[in-house]
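Analysis of the macromolecular model
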Amino acid sequence: MSRSTNFPARFRFACLLAILFFCVRYARAQAPALQSTVSPPASALASAGKYKPVGDEAGVKVNFPNVPIQAIIPFYEDLTGKKLILDSNLQGNQLRIMSQQLLTKREAIAFVESSLLLNGYVFIHVDATTAKLINHSSGGNVSNKGLEVYNSVADLPTNEVICHFVLPLQYVSATDAAKAFQEAIKPNTYGSLMPVANDSALLITENSVTIRSICRI
């Protein structure tokens, strides 16, 4: 009597074990296919030139061995998310902008901006979504393009950004200070040192790194 009543229960238990065994075997069989869909690491994509960074920790490879400025503009727009207002005279020599190491997005932006500045091109940031790109080496005047004005060294951008800086003076005239600074640190072609406010302050137009150097003298 007990055998007849226990048989259905044992049968159901055996069926459950068979189903479970089948599910485990099926999952193991599918594992290779699932692994093949995993995306490659960011560094590999960056090296292949197919990776667009989305955060400050993303790996970015800057690799422009011999290109015109127009080839770098889309890359910079992708990095910053900004649209560029372009100078009508952007033509220049072929550019070589390369980094052997992967950079964060912030480092890549600063690297491109500094490299282009060295080669005669200036970014002037209009707002959070727009910037101007000017070829100052061809005679383009950057001082009247809406540069930011700073009066505190602590507020200056950390990367090389062209801006105005008002330096107040107490013990020397602005005219004498301008002459001394020009002898100690030769301004760039886009830079200037202008006495203002009854010769009691100096208006410095330069990149932020050079301004910091002037203020330490």
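Residues numbered from 1 in each chain as written. Predicted model: local features only at pLDDT ≥ 70, side-chain atom pairs only at ≥ 80, totals over all residues. Heavy atoms only, no water.

1. A short note on the side chain of Glu113
- Tracing the backbone through its elements, the reader meets Glu113 in helix 4 (residues 105-118).
- Lacking a salt bridge, the buried Glu113 has Lys82 as its closest oppositely charged neighbour, with an N-O distance of 6.6 Å.
- Among the polar contacts made by the side chain of Glu113, one reaches the side chain of Tyr76 at a distance of 2.5 Å.
- Excluding residues that lie within four positions of it along the chain, Glu113 makes contacts with Tyr76, Phe123, His125 and Asn159. (Helix = DSSP H or I, 4+ residues; strand = E, 2+ residues; numbered from the N terminus. Buried < 20%, exposed > 50% of the residue type's maximum accessible area, 1.4 Å probe, protein only. Lys, Arg positive; Asp, Glu negative; His and termini not counted. Salt bridge = Lys/Arg side-chain N within 4 Å of Asp/Glu carboxyl O. Polar contact = N/O pair within 3.5 Å; in protein donor to acceptor, adjacent residues only side chain to side chain. Contact = heavy atoms within 4.5 Å.)

2. Digging into the pairing of strand 7 (residues 162-168)
- For strand 7, a buried count of 5 out of 7 residues is recorded, marking the element as mostly surrounded by other parts of the structure.
- Direction of pairing for strand 6 (residues 149-150) relative to strand 7: parallel, over a ladder of 2 bridges. Following the sheet pairing, Val149 is matched in strand 7 by His164.
- Of the strand pairs in this sheet, strand 7 and strand 9 (residues 201-207) are connected by 7 bridges, and their pairing is antiparallel. When the sheet's bridge partners are listed, Leu167 is paired in strand 9 with Leu202. (Pairing = 2+ DSSP bridges.)

3. Points about the nonpolar core
- Ranked by size, the top nonpolar core spans 23 residues in total, and within it Val62, Ile72, Leu116 and Leu133 carry the most contacts.
- Those elements that provide at least two residues to this core are strand 1 (63-67), helix 3 (69-80), strand 3 (95-98), helix 4, strand 4 (121-125) and strand 5 (130-135).
- Ranked by the residues each element gives to this core, the list is headed by helix 3, at 6 residues.
- Of all hydrophobic cores here, the second largest spans 15 residues; its members include Leu167, Ala174, Leu193 and Leu202. (Core = buried A, V, L, I, M, F, W, Y, C linked by side-chain atoms within 4.5 Å.)

4. As for the sheet that holds strand 9
- Pairing is mixed in the open sheet, where 4 strands are placed in the order 6-7-9-8. In the strand order of this sheet, the two ends are held by strand 6 and strand 8 (192-196), each with one partner.
- Sheet strands in contact with helix 5 (residues 174-184) are strand 7, strand 8 and strand 9, and its direction is about 165° off that of strand 8. (Axes fitted to C-alpha atoms, helices over the stretch in contact; angles between N-to-C directions.)

5. Observations concerning the state of the cysteines
- Considering all chains together, one arrives at 0 disulfides under this definition.
- Residue Cys163 stays outside any disulfide, its sulfur separated by 9.9 Å from that of Cys215, the closest cysteine. (Disulfide = S-S within 2.5 Å.)

6. Regarding unusual backbone geometry
- Located in the positive-phi region is Asp199, a residue other than glycine, with phi close to 65°.
- Its place among the elements puts Asp199 in the loop between strand 8 and strand 9.
- In this structure Asp199 comes out as partly exposed when scored by relative accessible area, which is 27%.

7. With respect to the pairing of strand 4
- For strand 4, a buried count of 4 out of 5 residues is recorded, marking the element as mostly surrounded by other parts of the structure.
- Relative to strand 5, strand 4 runs antiparallel, the two sharing 5 bridges. Across the sheet, residue Phe123 finds its bridge partner in strand 5, namely Leu133.
- Counted along the chain from strand 4 to the antiparallel partner strand 5, the turn is 4 residues long.

8. A look at the sheet that holds strand 4
- Overall, mixed pairing links the 3 strands, which are arranged 2-5-4 in an open sheet. At either end of the open sheet lies a strand with only one pairing partner, and these are strand 2 (83-86) and strand 4. Within this sheet the neighbouring strands show an average axis-to-axis angle of 30°, counted without direction.
- In terms of strand pairing, strand 2 meets strand 5 through 4 bridges, oriented parallel.

9. Describing helix 3
- With 12 residues, helix 3 ought to run about 16 Å at 1.5 Å a step, and its terminal C-alpha atoms sit 16 Å apart, in line with that.
- Here helix 3 has its buried residues at Ile69, Ile72, Ile73, Phe75, Tyr76 and Leu79.
- Looking at the buried side of helix 3, the elements it contacts are strand 1, strand 2, strand 3, helix 4, strand 4 and strand 5.
- Gly81 sits one or two residues past helix 3 and shows a positive phi near 75°. (Expected span 1.5 Å × (residues − 1).)

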